[in-house]
Amino acid sequence: MNMRAAVRVCVFLLVLALGLPLTGCGEAQKMREYNQGILTAGTAINEATMHFNDAFEAFKREYSAEHRDALIQAAGELNDAYQLLGSLEAPEKYSQVQDCYRESADLIKKAVEGYQEQLGSIVSASDITEDFVWEMQDIDDYLSQAREKLMEGSELGQAINEEN
């Protein structure tokens, strides 16, 4: 996920969060909690994505155990941020939105597990083989799918907000 995509994701999440209407006395508290959760998770995802991108670029520029470990740590932070979003309890009318966010979190978890496994096997630069690169590309597909699910959920939330 590049920096531009990370910013767009954060913007979509913030638009959704700020657009959540607070209607009905019983729903108001749940909506406020969901709104706050979206804002918190969106910020965490944006920060974790930037950190992951920086760590990935450093690893690509020059292999070192330090860069590898930083990338593994950044991948874990990315997973934590997405899991935060996926764990939110949505008001009923946003349940489909939250389903997309949960799917996105599941996909990120698969990607991070793959990164941790592949990167953990790298001891020296000579371990970065063609097979390693292909495996990493397959893992990157999970990141792309997670981003698409995140966008789908955010767009669905915007559509729900526009109906009200």
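As the structure is a prediction and not an experimental result, all values here were calculated from the model.

1. What about the packing of aromatic side chains?
Part 1 of the reasoning: What the rule picks out here adds up to four aromatic pairs.
Part 2 of the reasoning: With a centroid separation of 6.2 Å and an interplanar angle of 35 degrees, the aromatic rings of Y34 and Y94 are classed as tilted. Pair noted here: Y34 is in helix 2 (residues 25-61) and Y94 is in the loop between helix 3 (65-86) and helix 4 (95-120), with a separation of 60 residues, a long-range link. Side by side, Y34 and Y94 carry an identical accessibility label, which is buried.

2. Some points on the confidence of the model for the protein chain
Part 1 of the reasoning: Mean pLDDT over the protein chain works out to 86, with 84% of the residues at or above the 70 mark.
Part 2 of the reasoning: Within the protein chain, the element-level pLDDT minimum falls on helix 1 (residues 3-19), averaging 55, and the maximum on helix 3, averaging 96.

3. Considerations on the pattern of salt bridges
For side chains of opposite charge, pairing can occur when their charged atoms come near one another.
Part 1 of the reasoning: The final tally for this structure, using the stated rule, is five salt bridges.
Part 2 of the reasoning: K60 is the salt-bridge partner of E57, the closest N and O atoms lying 3.4 Å from each other. Note that E57 and K60 are positioned in helix 2 at a spacing of three residues, about one turn of the helix.
Part 3 of the reasoning: You can call E57 partly exposed: its relative accessible area is 37%.

4. Thoughts on the side chain of K149
Part 1 of the reasoning: Mapped onto the secondary structure, K149 falls in helix 5 (residues 130-163).
Part 2 of the reasoning: Polar contacts involving the side chain of K149 include one to the side chain of E103, which spans 3.3 Å.
Part 3 of the reasoning: Residues contacting K149, with those up to four places away along its chain left out, are C100, E103, S104 and L107.

The rules behind these values
Residues numbered from 1 in each chain as written. Predicted model: local features only at pLDDT ≥ 70, side-chain atom pairs only at ≥ 80, totals over all residues. Heavy atoms only, no water. Phe/Tyr/Trp six-rings, centres within 6.5 Å; stacked < 30°, edge-to-face > 60°. Helix = DSSP H or I, 4+ residues; strand = E, 2+ residues; numbered from the N terminus. Buried < 20%, exposed > 50% of the residue type's maximum accessible area, 1.4 Å probe, protein only. pLDDT = per-residue confidence, 0-100. Salt bridge = Lys/Arg side-chain N within 4 Å of Asp/Glu carboxyl O. Polar contact = N/O pair within 3.5 Å; in protein donor to acceptor, adjacent residues only side chain to side chain. Contact = heavy atoms within 4.5 Å.

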